[in-house]
Amino acid sequence: MALFIAVFVLLFLAVIQAAVPYFVKRTVVFGVSIPEQSVRDDRVRSYKKQYLAWASTVSFLMILIFCIWVAVKKPSDELIILISTAIEFGIIFVSLALYYYFREKMKQYKSGLQWTNELKQVAVADLSVRSEDYLPPWYIYLFPMIITVGLIGYTVYQYDLLPDQIPTHWGPSGEPDAFTEKTPFTAVQMLLILLLLQLMFLGIQLGVKYSGIKLSAANLGASKNRQLTLRKSTSWFTFYTVLLITMMFSFLQLTTIHPELFNDSLLKILLPFGTFILILAGTVYLFVKVGRSDKSSSELEEEKEIMDVNDDRYWKAGLFYFNKNDPSIFVEKRFGVGWTINFANPIGYIILFAPIILIFLLTFLLN
Amino acid sequence: MIIRIEPESEIPIYIQLTNQIIEGIAKGELKPGESLPSVRTFAADLGVNMHTVNKSYHELEKKGIIEIVPKSGAVIKSHPRVDQNTYDRLYESLKPQIAEGLVLGLTGEELVELVGKIIGEMKKSP
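Owing to the predicted nature of the structure, the values given are computational and were not obtained by experimental measurement. (Residues numbered from 1 in each chain as written. Chains lettered and ligands numbered in written order. Predicted model: local features only at pLDDT ≥ 70, side-chain atom pairs only at ≥ 80, totals over all residues.)

**Section: the overall build of chain A**
- Secondary structure assignment for chain A yields 9 helices and 10 strands.
- Across its three principal axes, chain A shows a C-alpha extent of roughly 75 × 55 × 35 Å.
- Residues classed as buried in chain A amount to 31% of the 367 residues present.
- A fraction of 76% describes how many contacts in chain A between residues 6 or more apart in sequence connect residues 24 or more apart. (Helix = DSSP H or I, 4+ residues; strand = E, 2+ residues; numbered from the N terminus. Buried ≥ 20, exposed ≤ 12 C-beta atoms within 10 Å, placed from the backbone. Contact = placed C-beta atoms within 7 Å.)

Next comes the structure, spelled out in structure tokens:
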């Protein structure tokens, strides 16, 4: 079972990482912005192919060696999980190294071609685009939050029923394997963490809403479609994730209060595993849906002689966006599908780090 | 309506914004009573500083083209006819341009034709 999950996750990661260049915005290749006119350039395509070939070969080799090691040595489940985590980092490291290698190649190629001197740089905004921006309303987050608050109330009401040892960690079989002393705080600690997570996800959704809709001057149609798809899909994916983790946490809390109801229940194994599979499936769906959203449009729309504003200078190391002028909280990732924060805007830090710090304080200081 | 700015141009961005919004209204792409996006939204979409957009909105307000209404934001005003002050201001701002045209060899008729051409451009758009 541990081997199956480990290999499944490793293959998933390897495929996603190797395919990234084909799912990013079409005018950004290895973190280097290129004009719309050069998206189908032979050299650009060959770099993407080389990345795909190298990243997949190295990752699959690592997974293969891992499988052989498990088959020969028959290690314990803990060791399998530990080593597979190390390989996950290995895969990410290999794709990052390849990313930087091809980024340098792209930079050289770009400076040799002098695109920026020949083409006029233009930034565009569509004043009516927000009438087509269908994001879920913020108040749908009230639904999972009310469930959490309700469960907190129920836990307080049933305080006497709770065992003297409150579970804090669950093993692969779905049975708790780590505990803490029962106090009014530890009884609801997990639900408080859940509430903070829900607030963080709501913050992320609002951050997306209040971030700019960045369009490409040379290809308005395709870039608009991608930005609107990205905003809508990631917002719903965020909510989907919140619903799944709310279900998961609520179930664990209920099994703690009423263990007799779930004795030998299959749900104990099915629910964590199902949540995990559903989140992975959602990720793939998001990746493909957003990744394809700017690839299908016709070539007729392309405009010659102009290109997007060359914003490479705001992307530190090609991965971190730092632009003091831009009031956006999040911007679209350059390598990957999704969002990254504008490191020059403190609101982004608050949304992401305040709940995480609070959760750490809750779990370490108060226990 | 699509706004296009050229950050590398010699013309400051806030003036590019102001001019394009005015043209948009003249062409009928933006209508009186409609509101412009909030300063934050507009700046985020373009990736420019909020002060730049703010400056442009204040410029438009000073010219009497928009009205900054609390809560509704920047609303485009309607102007059935021109008042004397505005007329004088336009007169003063057009004068050097017309003079420049004459100095550079345009005849009076050609200048009138030029004005007609610009008006034609504003009216023909959808």
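**Thoughts on the domain arrangement of chain A**
Residues and elements named next belong to chain A.
- According to the domain assignment, chain A contains domain 1 (1–118) and domain 2 (121–367).
- When each unit is reduced to the centre of its C-alpha atoms, the spacing between domain 1 and domain 2 is 24 Å.
- Counting residues at the interface gives 21 residues for domain 1, matched by 25 residues for domain 2.
- Broken down by element, the residue count for the side of domain 1 that touches domain 2 peaks at 5 residues, all from helix 1 (residues 2–23). (Domains from an automatic or database assignment.)

**Some details on the nonpolar core**
- Core analysis: the biggest nonpolar cluster contains 30 residues, and A123(A), A43(B), L46(B) and V53(B) have the highest contact counts within it.
- Apart from residues no more than four positions distant in its own chain, L46(B) is found in contact with A123(A), A125(A) and I5(B).
- Formed by 26 residues, the second largest nonpolar core is a distinct cluster that contains L10(A), V28(A), I63(A) and I91(A). (Core = buried A, V, L, I, M, F, W, Y, C linked by C-beta atoms within 7 Å.)

**Considerations on the UniProt feature "domain: HTH gntR-type" (unreviewed entry) in chain B**
- Listed under "domain: HTH gntR-type" (unreviewed entry) in the UniProt record, and renumbered for this structure, are residues 11–79 of chain B.
- Across residues 11–79 of chain B, helical content stands at 52% and strand content at 12%; the span's end C-alpha atoms are separated by 28 Å. (UniProt positions renumbered as here; feature names shortened; annotations may be inferred.)

**A look at the packing of helix 5 (residues 142–157) of chain A against helix 7 (residues 220–257) of chain A**
Residue and element names in this part refer to chain A.
- Interhelical geometry of helix 5 versus helix 7 gives an angle of 10° and a closest axis separation of 10 Å. Judged by the inter-axis angle, helix 5 sits roughly parallel to helix 7. Facing P144, I147, T148, L151 and T155 of helix 5, the residues of helix 7 in contact are V242, L243, T246, S250, Q253 and I257.
- Taken together, the residues of the contact of helix 5 with helix 7 sort by class into 6 nonpolar, 5 polar and no charged. (Axes fitted to C-alpha atoms, helices over the stretch in contact; angles between N-to-C directions. Parallel < 35°, antiparallel > 145°, perpendicular 65-115°, else oblique. Nonpolar A, V, L, I, M, F, W, Y, C, P; charged D, E, K, R; others polar.)

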